[in-house]
Amino acid sequence: MKLKDKKDIHDLVLSILKKEFPHALNYKQITSRLKSQIPLDKKEVEKIVNELHQKNLVSEYKKGKYQYKKPDQYITGIIEFTHRGDAYLLTEDGHEDIYIHPNDAERAFHGDYVKVKILNKKRKGLISGKVVEVIQRSKTQFVGNIRMSDAAAFVIPDFSKMHQHFFIHYEDINGAKDGNKVVVE
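Residues numbered from 1 in each chain as written. Predicted model: local features only at pLDDT ≥ 70, side-chain atom pairs only at ≥ 80, totals over all residues. Heavy atoms only, no water.

Caption draft 1: Highlighting the sheet that holds strand β10 (residues 166-168). One open sheet holds the four strands; their spatial order is β10-β9-β8-β11, and the pairing between them is antiparallel. Unpaired on one side and paired on the other, β10 and β11 (181-184) mark the two borders of the sheet. The mean inter-strand angle of the sheet, taken between neighbouring strand axes irrespective of direction, is 45°. Where strand β8 (residues 142-148) and β11 come together, four bridges link them in antiparallel fashion. By the bridge assignment for β11, phenylalanine 142 is matched with valine 184. (Pairing = 2+ DSSP bridges. Helix = DSSP H or I, 4+ residues; strand = E, 2+ residues; numbered from the N terminus. Axes fitted to C-alpha atoms, helices over the stretch in contact; angles between N-to-C directions.)

Caption draft 2: Structural detail: the nonpolar core. Of all hydrophobic cores here, the largest spans 19 residues; its most connected members are Val13, Leu17, Ile30, Leu34, Leu40, Val45 and Val49. Those elements giving two or more residues to this core turn out to be α1 (6-20), α2 (27-34), α3 (42-54) and β2 (65-68). With six residues, α1 is the single largest residue contributor to this core. Discounting residues that sit within four places of it in the chain, valine 49 has contacts with Val13, Tyr27, Ile30, Val58 and Tyr66. Membership of the second largest hydrophobic core comes to 13 residues, among which are Ile75, Ile79, Val114 and Ile118. (Core = buried A, V, L, I, M, F, W, Y, C linked by side-chain atoms within 4.5 Å. Buried < 20%, exposed > 50% of the residue type's maximum accessible area, 1.4 Å probe, protein only. Contact = heavy atoms within 4.5 Å.)

Caption draft 3: Region of interest: the packing of aromatic side chains. Taken as a whole, this structure holds six aromatic pairs when the rule is applied. With a centroid separation of 5.7 Å and an interplanar angle of 70°, the aromatic rings of phenylalanine 154 and phenylalanine 167 are classed as edge-to-face. Here the residue phenylalanine 154 occupies a position in strand β9 (residues 153-157), and phenylalanine 167 occupies one in strand β10, the gap between them amounting to 13 residues. Accessibility expressed as a relative area gives 45% for phenylalanine 167, which makes it partly exposed. What links up through ring pairs into an aromatic cluster is the set Phe109, Phe142 and Phe166. In this arrangement the basic side chain of lysine 115 is found over the ring face of tyrosine 74, its NZ or CZ atom lying 4.8 Å from the centre. Above the face of the phenylalanine 109 ring, arginine 137 is positioned so that its terminal group lies 4.1 Å from the ring centre. (Phe/Tyr/Trp six-rings, centres within 6.5 Å; stacked < 30°, edge-to-face > 60°. Lys NZ or Arg CZ within 6 Å of the ring centre and 35° of its normal.)

Caption draft 4: Looking closely at α1. Compared with an ideal rise of 1.5 Å per residue, which puts 15 residues at 21 Å, α1 spans 22 Å between its outermost C-alpha atoms and is within 8% of the ideal. Among the residues of α1, Ile9, His10, Leu12, Val13, Leu14, Ile16 and Leu17 are the ones counted as buried. Looking at the buried side of α1, the elements it contacts are α2, α3, β1 (58-62) and β2. (Expected span 1.5 Å × (residues − 1).)

Caption draft 5: Broad picture of the pattern of salt bridges. A complete count under the given rule lists seven salt bridges for this structure. Across the salt bridge formed by arginine 84 and aspartate 86, the nearest N and O atoms sit 3.4 Å from each other. When its relative accessible area of 61% is taken as the criterion, arginine 84 is described as exposed. Where aspartate 158 meets lysine 181, a salt bridge forms, and the shortest distance between an N and an O atom there is 2.7 Å. One end of the pair, aspartate 158, is in the loop between β9 and β10; the other, lysine 181, is in strand β11, and 23 residues separate them in sequence. (Salt bridge = Lys/Arg side-chain N within 4 Å of Asp/Glu carboxyl O.)

Caption draft 6: How the structure looks around the packing of α1 against α3. Interhelical geometry of α1 versus α3 gives an angle of 85° and a closest axis separation of 10 Å. Between α1 and α3, the crossing angle belongs to the class labelled roughly perpendicular. Across the interface between the two elements, Lys6, Ile9, His10, Val13 and Leu14 of α1 pack against Ile48, Val49, Glu51 and Leu52 of α3. In terms of residue class, the contact of α1 with α3 is built from six nonpolar, one polar and two charged. (Parallel < 35°, antiparallel > 145°, perpendicular 65-115°, else oblique. Nonpolar A, V, L, I, M, F, W, Y, C, P; charged D, E, K, R; others polar.)

Caption draft 7: Here's a closer look at unusual backbone geometry. A positive phi angle is found at glutamate 106, which is not glycine, with a value near 50°. By the element assignment, glutamate 106 lies in the loop between β5 (98-100) and β6 (113-123). The exposure class of glutamate 106 is partly exposed, given its relative accessible area of 45%. Even without glycine at this site, asparagine 174 takes up a positive phi of about 50°. By the secondary structure assignment, asparagine 174 is in the loop between β10 and β11. A relative accessible area of 74% means that asparagine 174 is categorised as exposed.

As structure tokens, this is what we get:
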């Protein structure tokens, strides 16, 4: 194979990393896979991989090991929370459920239609994701008990799969007393 320019060499290294994805390779492993196509030494490969890393085409999986960086992938669906706070995205196309860690659920509520960024890691044996947008709320009114302190008032929803409390300004409590059942919108 005759390589014309630096771009051809970059493309070749990138194709090796794509082929090996999701496995990460070090410079020596990349150099070894290149031998049959072009003789480069480890230092040259290191320079090329660093250039690809600067262009955000590869990521450093761990020190000295690189992998192809897939373009961000997004998927939409209905988010469902468990009683523990974990969530799963149920997709419209029947794709396997996407696990969403409580810290990655952002401001989504149970039943919302959301857009999720697919993460390149697995949790609990499933592909994981992060909510990036709530497209449509499943409901806009929530029933719960109001709790008041000197500094703030909060409504704690009755629904066990609702893991967020609602902050209420004192001027908006409309005469509610601590412990009253209220509806927030």
